[in-house]
Amino acid sequence: MSNIYLPEIVKVTKIEEQSPTVKLFRLVPTQGSEFKKNEKGLVFIPGQFVMVGQIGYGESPFGPLSSPYEADYIEVAVRKAGVVTNYLHSIKEGDKITLRGPFGNGFPLDFIEGKDVVSAIGGCGIPPIAALVEYIIKNKEKFGRVYVLYGARNPEEILMKKKIEEWRKEGIKIILTIDKPADGWDGHVGFVTDLVKEIEINESNAVATMCGPGPMMDALEKVFRPLGIPDRRIFVSMERKMQCGVGKCQHCTTGKSYVCMDGPVFYYDQVDKNFD
Amino acid sequence: MLVIKEDNLEKFLDKLKEKFEFIDIRKDSSDGGLPFKKYFFPPVQEIFSTSGSPTSKKSKSDFVLYGLDLPDLEALTQLDEIMEKPHEDYFYFQRRGQSIIIGLIRENMDIVPGGDIVLEHLNSNKYKVWQNTTKGKNLIKKNNSYFSAEGGEITEEKPPQIPKNESLGYWQKTMRSMLLDPELLAEVVEWSYGHEIWDKLMKQCLGCGICTYVCPLCYCFSIEDKVGLDDKCTRCRKWTACTLPEFARIAGGHSFRPTLKERYYNWFYHKFVRAYKEFGKSQCVGCGRCQAFCPAKIDIQEILKTILEDYKKKDE
């Protein structure tokens, strides 16, 4: 029996500004040179989350966005919002912070395999999808067509721009859109309804994944439904106040489920009728 | 059947007091009626600090918890199950391993729900002794002079009945009979989402969280960090209440359950719906503490009765 709340100490080796409010942190283990891999050979399953924090400040949940095959480091994106994230925005490369996890289920990789994949991302919801895309690229021959629809408020708030270009070169079809027209932006503007026309999938053998704030549910109505993807094949990454990460503290419950244990990835049918 | 007489029981307990820290929970009112859970799951538990993890040292010696009644014994057994799954809770079981539980019940039972030793009141000076665990058996073996074996049924005196007119006794009895059908309660509470009673309760409830602190089966907690003046940082696990506004509030101020109505309903939902799905039981043992301590006089039994009646009416 061990103390399940005890975090490990990790070193921050890279900090990269992603947007005015978001920074990316690269975390490297201090005990041993690599993070532990699971039985699939992954450091985490895309869609799982980790608790990152500092003693004296607390911990917050983040979805790792680096490739799950990468054992030398884990990367997370942190938006400045509260106590922990403000602290993280104040640290420098070389500082040590705490890490606990990974927790939760992650995307059902075996189920997704062999299918077309359409992912919808809203705002800061890119990390779990980014890790999934990295996984798909590594196992390209096992997947069909892969689309990523990514909507942000304005061009500055589009995260991981460099990575997005790399993914494009790997054959991932990426459709970016922003809320309002902006200078120097020649991509899509407004909500994604029209973009459905650009997507060609075999709807009887396609899955959808999504992560983003509440309004993203529109993506479901406007994209996945018209594409003909049924609820059982739409996987949403939910966010709640995960604290213990191990299904005890009760903060992250939604209906009968624990986001930290049963989720954070749910198929839409599981959660759409929950009271909260 | 193993029995112990009243005078021998006193001697047995004195013996235990010599050897162990002894807590009679019936007389333990040091912190305003918090239930036994505080001995295993304290209101504030240090998880670790910058001056070392508390996991390496045993904090206290073995102790005896004496006098748990039937609802409390049930609650303890349920709490053990909750803390064991899906991950064993280190701190809870560290304290649990140091405890000797002696129950004291009035009810005539075919089987008792927990405790190392349970004493069933047979008559004014005699108790039937249940030995439930190896720990309990060994303790009795070592002190066997106080116990005696008796054959057959004891019929000389009727076991004392639970007084019907005593309010808590009656409350417990009726509540516990409702709890016999946790499946129905799960169905009813889930059905009641949107019922007008939750609007009424939102106005009545003060959102103070007392009901959850006194509940032997409420175990929500928050993880909080403290920084001392000596620069020592401590991470603690602290009791919290799902009725408090910060319970589902995250950085930036968004709350997943912004109103008291949602939070209060969630309390019920956890106890009767989510718990039933997870463990096949309601997380309520009908002890009556929540209604006894509620400053707004909310009676959960009345709430359940109301929605149960309306639920039955819906198909008529």
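Parameters at a glance
Residues numbered from 1 in each chain as written. Chains lettered and ligands numbered in written order. Predicted model: local features only at pLDDT ≥ 70, side-chain atom pairs only at ≥ 80, totals over all residues. Domains from an automatic or database assignment. Contact = placed C-beta atoms within 7 Å. Helix = DSSP H or I, 4+ residues; strand = E, 2+ residues; numbered from the N terminus. Nonpolar A, V, L, I, M, F, W, Y, C, P; charged D, E, K, R; others polar. Buried ≥ 20, exposed ≤ 12 C-beta atoms within 10 Å, placed from the backbone.

S.K.: What exactly am I supposed to notice about the domain arrangement of chain B here?
M.R.: Interfaces are frequently sized by the accessible area removed from exposure as the parts join. Residues and elements named next belong to chain B. Structurally, chain B comprises domain 1 (2–149) and domain 2 (167–313). Of note, the centres of domain 1 and domain 2, computed from C-alpha atoms alone, are 26 Å apart. Facing 23 residues of domain 1, the contacting portion of domain 2 comprises 22 residues. Those elements giving two or more residues to the side of domain 1 that touches domain 2 turn out to be strand S3 (44–49) and helix H2 (70–84). Residue contributions to the side of domain 1 that touches domain 2 peak at eight residues, all from H2.

S.K.: What should I look at first to understand the interface of chain A and chain B in this one?
M.R.: Listed per partner, the contact involves 30 residues of chain A and 35 residues of chain B. Of the residues belonging to the side of chain A that touches chain B, the class tally is twelve nonpolar, twelve polar and six charged.

S.K.: So what exactly am I meant to see when it comes to unusual backbone geometry here?
M.R.: It is generally the case that most residues other than glycine have a negative phi and that most peptide bonds are trans. Between Gly263 of chain A and Pro264 of chain A the backbone carries a cis peptide bond, its omega angle lying at 5°. Mapped onto the secondary structure, Pro264 of chain A falls in the loop between strand S14 (257–258) and strand S15 (265–267). If you check the backbone angles, Gln250 of chain A has positive phi at about 80° while not being a glycine. Along the polypeptide, Gln250 of chain A turns up in the loop between strand S12 (234–237) and strand S13 (253–254). Looking at Gln250 of chain A, the number of C-beta atoms within 10 Å reads 22, which means it is buried. Although it is not a glycine, Asp231 of chain B adopts a positive phi angle of roughly 70°. As for its placement among the helices and strands, Asp231 of chain B is situated in the loop between strand S9 (221–227) and strand S10 (233–239). The exposure class assigned to Asp231 of chain B is exposed, which follows from the 9 C-beta atoms found within 10 Å.

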